[in-house]
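Tertiary structure, described
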Amino acid sequence: MSILNEDGTPVRALVVALLLSVSALAVRAIYFFRRGRITPPDSGTYLGLCEASKTTPLVLLTGDYGIEYAGFLLPFCGLTNLTGSTLPWVTVQILLGSVTAGLLFLSGRRLFSSRAGIVAGGLWVFVWDAFRWDVALLSDSVFVFAVALSIYALAYYRDEGTLRARAGVFATLAFLTITRPFGGPLLVGWMLWNLLPDDDSRQIRLFGRKIAIGGAVVAIVVMVVVFSTRTAWASDHVLDVYRNGWIFWQGRNQAVVGSYAYTPTPAPTLPAFVVANAAPVAVMGLIKTVTLFYPGPLYVRASPFWFAMHLASLLPAVVFGWVGIVNLVRNRHPSVGVVVTPIAVVTGIVALTFIDAGWRYRAPLLPALFLTAGYGVATNVRLMRCWDWVVRQGIRVLGTPPAPRTSPYRPDEERLHETVRGLSHDDLSEIAVYGYLHPMQAVRELFFARGHLVMALLDDPDRFVDVGCGPGLLLNSESGGIGVDIRPHVGRSYLDAVGDDSPIVAGTVTSIPLQTGSADAVVAMDMLEHISDLAHASDEIARVIDEDGQLLVCGPTENVIYELGRRFGGFSGADHKTTVGDIDDQLQANGWTRVKKRDLRIVFPLFSVFVYERRT
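Cut-offs applied
- Residues numbered from 1 in each chain as written.
- Predicted model: local features only at pLDDT ≥ 70, side-chain atom pairs only at ≥ 80, totals over all residues.
- Heavy atoms only, no water.
- Pairing = 2+ DSSP bridges.
- Helix = DSSP H or I, 4+ residues; strand = E, 2+ residues; numbered from the N terminus.
- Axes fitted to C-alpha atoms, helices over the stretch in contact; angles between N-to-C directions.
- Core = buried A, V, L, I, M, F, W, Y, C linked by side-chain atoms within 4.5 Å.
- Buried < 20%, exposed > 50% of the residue type's maximum accessible area, 1.4 Å probe, protein only.
- Contact = heavy atoms within 4.5 Å.
- Lys, Arg positive; Asp, Glu negative; His and termini not counted.
- Salt bridge = Lys/Arg side-chain N within 4 Å of Asp/Glu carboxyl O.
- Disulfide = S-S within 2.5 Å.
- Patch = residues over 30% accessible without salt bridge, like charges linked within 9 Å, V, L, I, M, F, W, Y side chains within 5 Å.
- Areas by Shrake-Rupley, 256 points an atom, 1.4 Å probe, with all protein chains shown as cover.
- Charge placed at Lys NZ, Arg CZ, Asp CG, Glu CD.
- Phe/Tyr/Trp six-rings, centres within 6.5 Å; stacked < 30°, edge-to-face > 60°.
- Parallel < 35°, antiparallel > 145°, perpendicular 65-115°, else oblique.
- Nonpolar A, V, L, I, M, F, W, Y, C, P; charged D, E, K, R; others polar.

1. A few points about the sheet that holds strand β3 (residues 504-506)
Within the open sheet, the seven strands sit side by side as β3-β2-β1-β4-β5-β7-β6. Their pairing is mixed. Among the strands making up the open sheet, the edge pair consists of β3 and β6 (592-602). Strand-to-strand twist of the sheet, defined as the mean angle between neighbouring strand axes without regard to direction, takes the value 20°. Across seven bridges, the pairing between strand β5 (residues 545-556) and strand β7 (residues 604-614) is antiparallel. The residue bridging leucine 551 from the neighbouring strand is tyrosine 612, located in β7.

In structure tokens:
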């Protein structure tokens, strides 16, 4: 269920993002202290450019590692030259790799759901090859962070649509485009989604159609011009790959997949060679595409431990990532363009060039693949039932038996959402609807358990009054009830939607529009803490209830743990005048006898339910 009418990013989302980032930092720090810095061959080239930039700064913007790497080279060389060591830069990369986990959660939460975000961020915490990127003097960590940041900026813009959000997208895409050669094609891919009709929900709506077409053409021309000057890369890398049938650069004879054997037709240039050898080039592209998503190390002599770590961290992402992609396309999900574009672009680039056996070329697709994996998991009914079961058992272990899955108190969430979607966040919080539709399963289970417990404590009355009935869930769960609320239309709308004709009237606990002695029981769930004049409320309840009737009161404890939980959960609590403990004291002082007490707890009591009888 989507988050209801929350402004910005709630505290709990930031806390979850922080926890994921800290977890990612911990495992990367452990890897660094065991492995140290890594300097593969490309690192020597980068360090040479850094040395040359001390006397010729423009060298970082020219040559084969030119403007398309500037987003990495400028900060890398700047920090390295300033400190005289590469250690500070490795620290930056580890931090960027760790923050990526939190970014993926926040992106998944906005694009799909909190569950999808947790899956995406959790997968990133333990993705094995990322540990190596983060401690190597390479562009991978910075570019992957730029991809994750761009996805979040696009997700934020889709939600907010403000000028500030648009500016954020432009800034992140500019950074992405100059950090690695993959950036330009990603930019073009995202821009092309703006060509869809205006009424298509998949439209990213970042530009108008004319601007999108013009921008895509300009970006493509710039990329062609830039790469036309990289003659060494085209002839020594890509053309050699095609001529030799390599799936990996320089054959990589120790890789899982060897070279593709065929007799090439000679041609002087790369385009001419592709035309003359179209069929074998297509076959090589297909092999590279399949190999791209192989969830293990691509070297034959990898150790069993290395293989197991790859398999454990990548197999779930690949399997559920493709499940998510299929579901996104099939459902025409509004976010399909945001997350599928990086996967499609990287797959196309690799199919046209070559794969690095250490997953370096696959690195840019992982943030998007992990997000689609989150969507794949979150839309899998069986997995979500398992997820719910685990949460419910956790609630039980921590002190509150959950409401049975068959409990009548569980609402029809879709209809309830439609009923209350127009209310403000504070209103939703204070009438408890926010609890029933909360993004966190644990919060929803706590509210369901609360209502189910009240049902169990009701002594099968012929006629009861639910004061402050809100959406009318108790009326829909028990026969013979009448609701009283200052917003009777909310409960009326929901009950009509589910086919329940239980009556609801406008009123308050200090002015109940019912006859004296007309009810066997009165229920006040999370309502009396809003009342300043409890003596008047107590007298009015006593008037309505008959001599042998019972009063059920539920309310928050307002202890330190409850206050922290309320802030974390996003509940306002702005109108609370007292605690359930004080309510209990005042009711007993006003002539009520408490006969039962039950606590709902997560280790510590969060809510208490009291049952009273009139003192004789």
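So that's the structure; there's more coming.
2. Quick word on the nonpolar core
Looking at soluble globular proteins, one finds that nonpolar side chains tend to be buried together. Core analysis: the largest hydrophobic core is formed by 113 residues, its most contacted members being Trp124 and Phe370. Among the elements that line this core, the one with the most residues is helix α7 (residues 140-160), at 13 residues. Phenylalanine 370 has contacts with Leu104, Ala120, Leu123, Trp124, Val127 and Ala317, leaving out every residue within four places of it along the chain. If you look at the next biggest cluster of nonpolar residues, it comprises 42 residues, including Leu475, Leu552, Cys554 and Tyr562.

3. Considering the side chain of aspartate 485
Here aspartate 485 is to be found in strand β2 (residues 481-485). The buried charged residue aspartate 485 lacks any salt bridge, with arginine 487 as its nearest oppositely charged partner at 4.5 Å. With sequence-adjacent residues up to four places away left out, aspartate 485 is seen in contact with Gly468, Cys469, Gly470, Val505, Ala506 and Gly507.

4. Structural notes on the state of the cysteines
In total, this model carries one disulfide according to the counting rule given. With its sulfur 2.0 Å from that of its partner, cysteine 50 forms a disulfide with cysteine 77. Residues cysteine 50 and cysteine 77 are joined through a disulfide that is left-handed, its torsion about the S-S bond being -75°. Separated by 27 residues along the polypeptide, cysteine 50 in helix α2 (residues 41-53) and cysteine 77 in helix α3 (residues 70-83) bring together distant segments of the chain. A disulfide-free cysteine, cysteine 554 has its sulfur positioned 15 Å from the sulfur of cysteine 469, the nearest such atom.

5. Quick look at a negative patch on the surface
Residues Asp459, Asp460, Asp462, Glu547, Asp548 and Glu613 make up a contiguous surface patch of negative charge. Along the chain, the position of aspartate 459 falls in the loop between α21 (441-457) and β1 (464-467). We classify aspartate 459 as exposed; its relative accessible area is 61%.

6. Observations regarding the pairing of β6
Here β6 runs beside β7; their pairing, made up of ten bridges, is antiparallel. Pairing of tryptophan 592 across the sheet is with arginine 614, part of β7. From the end of β6 to the start of β7, which pair antiparallel, there are one residue, and valine 603 there has a positive phi angle of about 70°.

7. With respect to the environment of glycine 285
By the secondary structure assignment, glycine 285 is in helix α13 (residues 278-292). Distance in space between the C-alpha atoms of glycine 285 and glycine 84 is 43 Å, their sequence separation being 201 residues.

8. Some details on a nonpolar patch on the surface
The grouping of Val397, Leu398, Val560, Ile561, Leu564, Val603 and Phe604 at the surface amounts to a nonpolar patch, some 660 Å² of accessible area in total. It is helix α25 (residues 560-569) that provides the largest number of residues to the nonpolar patch, a total of three residues. Topologically, isoleucine 561 is positioned in helix α25.

9. As for the side chain of aspartate 584
By the secondary structure assignment, aspartate 584 is in helix α26 (residues 580-589). Not counting residues within four places of it along the chain, the set of residues in contact with aspartate 584 comprises Arg594, Phe610 and Tyr612.

10. Re the packing of aromatic side chains
Under the criterion given, the structure shown has 24 aromatic pairs. Aromatic pair tyrosine 31 and phenylalanine 131: ring centres 5.7 Å apart, planes at 45°, arrangement tilted. In this pair, tyrosine 31 sits in helix α1 (residues 11-35) while phenylalanine 131 sits in helix α6 (residues 128-135), placing the two residues 100 residues apart along the sequence. Overall, tyrosine 31 belongs to the buried group, its relative accessible area being 11%. When the centroid spacing of 6.4 Å and the interplanar angle of 50° are considered together, the rings of tyrosine 46 and tyrosine 69 count as tilted. A residue pair is termed long-range when its members are at least 10 positions apart, and tyrosine 46 in helix α2 and tyrosine 69 in the loop between α2 and α3 qualify at 23 residues. The buried category is assigned to tyrosine 46, whose relative accessible area is 1%. Using a relative accessible area of 13% as the deciding quantity, one classes tyrosine 69 as buried. Among the aromatic residues, those joined into a cluster by ring pairs are Tyr409, Tyr436, Phe447, Phe448, Tyr562 and Phe607.

11. Some words on the packing of α1 against α25
Running from amino to carboxyl end, α1 crosses α25 at an angle of 90°, the nearest separation of the two axes being 6 Å. Taken as axis vectors, α1 and α25 run roughly perpendicular relative to one another. Each of Val11, Arg12, Val15 and Val16 in α1 lies in contact with α25, whose residues at this interface are Arg567, Phe568 and Gly569. Of the residues assigned to the contact of α1 with α25, the class counts are four nonpolar, one polar and two charged.

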